[in-house]
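# Close look at the chain arrangement
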Amino acid sequence: QVQLVESGGGLVQAGGSLGLSCAASGSSFSIIVMGWYRQAPGKERELVAVIGDSGWKTYGEFVKGRASISRDNAKNTVYLQMNSLTPEDTSVYYCKATTAVGPYWGQGTQVTVSS
């Protein structure tokens, strides 16, 4: 069973930045993809950014150059930095890790952007 421990988040002022990290443990398989999704109340979960074990990256359309994702394969840890936050970025941010046997989700961390 893969366990994901998320850290970061909290209250951020508009125009500020957030830094999130997520460490995976317990996997018997290599983690192929790690990344972040978010879900606001009443909305569907959406992609923020993901990174593959070879380094490829994909960002959600709304990111528009504001985010940077990175990964430490040795530590099975993924990092997300996002800048120029607006109240519309207020959401629960979820870490996701995908292995050969399926995806695993973290419990989520709340990010609230105040205007």
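The notes below deal with the structure included here. As the structure is a prediction and not an experimental result, all values here were calculated from the model. (Residues numbered from 1 in each chain as written. Predicted model: local features only at pLDDT ≥ 70, side-chain atom pairs only at ≥ 80, totals over all residues. Heavy atoms only, no water.)

### A look at the nonpolar core
Within the largest apolar cluster, 27 residues are counted, with the highest numbers of intra-cluster contacts made by L4, W36, V48, V78 and L80. Looking at this core, the elements that each hand over two or more residues are strand 3 (18-25), strand 4 (31-39), strand 5 (46-52), strand 7 (67-72), strand 8 (77-82), strand 9 (91-99) and strand 11 (109-114). Take this core: its biggest share by element is 4 residues, from strand 3. Beyond its immediate sequence surroundings of up to four residues, L4 is in contact with C22, A23, A24, C95, K96, A97, Y104, W105 and G106. (Core = buried A, V, L, I, M, F, W, Y, C linked by side-chain atoms within 4.5 Å. Buried < 20%, exposed > 50% of the residue type's maximum accessible area, 1.4 Å probe, protein only. Helix = DSSP H or I, 4+ residues; strand = E, 2+ residues; numbered from the N terminus. Contact = heavy atoms within 4.5 Å.)

### Observations concerning the pattern of salt bridges
Taken as a whole, this structure holds 3 salt bridges when the rule is applied. With a shortest N-O distance of 2.8 Å, D89 and R66 are connected by a salt bridge. Placement of D89 in the loop between strand 8 and strand 9 and of R66 in the loop between strand 6 (57-59) and strand 7 is noted, with a sequence separation of 23 residues between them. Across this residue pair, the class does not change: D89 and R66 are buried. The network of salt bridges with common partners includes R38, E46, R66 and D89. (Salt bridge = Lys/Arg side-chain N within 4 Å of Asp/Glu carboxyl O.)

### Remarks on the pairing of strand 11
Burial of the side chains of strand 11 is restricted to one face: T109, V111 and V113 are buried, whereas none of Q110, T112 and S114 on the reverse face is. With 4 bridges connecting them, strand 2 (residues 10-13) and strand 11 associate as parallel partners. Opposite V12, over in strand 11, you have V113 as the bridge partner. Sheet analysis places strand 9 next to strand 11, joined by 3 bridges and oriented antiparallel. Directly across from S91, in strand 11, lies its bridge partner V111. (Pairing = 2+ DSSP bridges.)

### Focus: the packing of aromatic side chains
The relation between two aromatic rings is expressed through the spacing of the ring centres and the mutual angle of the planes. Within the structure shown, the criterion is met by 2 aromatic pairs. Considering the side-chain rings of Y94 and W105, the 6.5 Å spacing of their centres and the 85° angle between planes classify their relative orientation as edge-to-face. One end of the pair, Y94, is in strand 9; the other, W105, is in strand 10 (residues 102-105), with 11 residues separating them in the sequence. Here the aromatic residues Y37, Y94 and W105 are joined through ring pairs into a cluster of three or more. Here the guanidinium or amino end of R38 rests over the ring plane of F62, the centre of that ring lying 3.6 Å away. Over the face of the ring belonging to Y94 we find R45, whose NZ or CZ atom lies 3.8 Å from the ring centre. (Phe/Tyr/Trp six-rings, centres within 6.5 Å; stacked < 30°, edge-to-face > 60°. Lys NZ or Arg CZ within 6 Å of the ring centre and 35° of its normal.)

### Focus: the side chain of K96
The residue K96 is located in strand 9 in this model. It is E6 that comes nearest to the buried, bridge-free K96 among opposite-charge side chains, at 12 Å. (Lys, Arg positive; Asp, Glu negative; His and termini not counted.)

### Details of the sheet that holds strand 1 (residues 3-8)
Taking strand neighbours across the sheet as the criterion, the 4 strands line up as 1-3-8-7 in an open arrangement whose pairing is antiparallel. Two strands lie at the open edges of the sheet, namely strand 1 and strand 7, each paired on one side alone. For this sheet, the mean angle separating the axes of adjacent strands, direction not counted, is 15°. (Axes fitted to C-alpha atoms, helices over the stretch in contact; angles between N-to-C directions.)

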